[in-house]
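What the coordinates show
Spelled out, the chains give:
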Amino acid sequence: MSTIKIAISHEEIASCWDVAFALRPHLTKEKFMSMVPEMQKEEGYTIAYIEDGNKVAAFAGFRKMQRLFTGKSIYIDDLSTSPAYRQKGYGRMLLNYIIELAKNENFESVDLDSGPTRHDAHRLYLNTGFKISSHHFSLKF
């Protein structure tokens, strides 16, 4: 049985890089390693991860928030399984971990955004009970 761990140390965060890069190929490892500790400190960003053998197979990055339109919620920024470890249920394990965390802490929802072409991820979210509740708009500078 795989155990879900929380990445706190520099080494633990670095061990999640390959899986993070599979989801966020626009980032460099240096940028990832500088952003995560800042996000942890300033925004309560948390990385949960699962190892298969001695490699990180999947990770989820999330934060606890309170917004007028959702109330208290956990927002999942990142959920990724390394291509070599897909179809083993690791993404579902992490998703269920976050859902249980939200329920145990009396949050009102778990929310996330997903890219329009991530059909396997969409299937997982819909099969877990998520509903498509909005369109996400972005203006880049």
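Rules used throughout
Residues numbered from 1 in each chain as written. Predicted model: local features only at pLDDT ≥ 70, side-chain atom pairs only at ≥ 80, totals over all residues. Heavy atoms only, no water. Buried < 20%, exposed > 50% of the residue type's maximum accessible area, 1.4 Å probe, protein only. Helix = DSSP H or I, 4+ residues; strand = E, 2+ residues; numbered from the N terminus. Pairing = 2+ DSSP bridges.

**Some points on the pairing of strand β4 (residues 71-81)**
Within β4, nine of the eleven residues are buried, which leaves the element mostly enclosed by the surrounding structure. As paired elements, strand β3 (residues 55-67) and β4 share ten bridges and run antiparallel to each other. Paired with Lys64 across the two strands is Ile74, which belongs to β4. Hairpin connection from β3 to β4: three residues lie between these consecutive antiparallel strands. As judged from the four bridges shared by β4 and strand β5 (residues 109-112), these two strands associate in the parallel manner.

**A short note on the pairing of strand β2 (residues 46-52)**
Pairing geometry for strand β1 (residues 4-7) and β2, over four bridges, is antiparallel. Among the inter-strand pairings, Lys5 is bridged to a residue of β2, identified as Tyr49. Here β2 runs beside β3; their pairing, made up of seven bridges, is antiparallel. Within β3, the position partnered with Glu51 by the bridge is Val56. Counted along the chain from β2 to the antiparallel partner β3, the turn is two residues long, and its residue Gly53 has a positive phi close to 70°.

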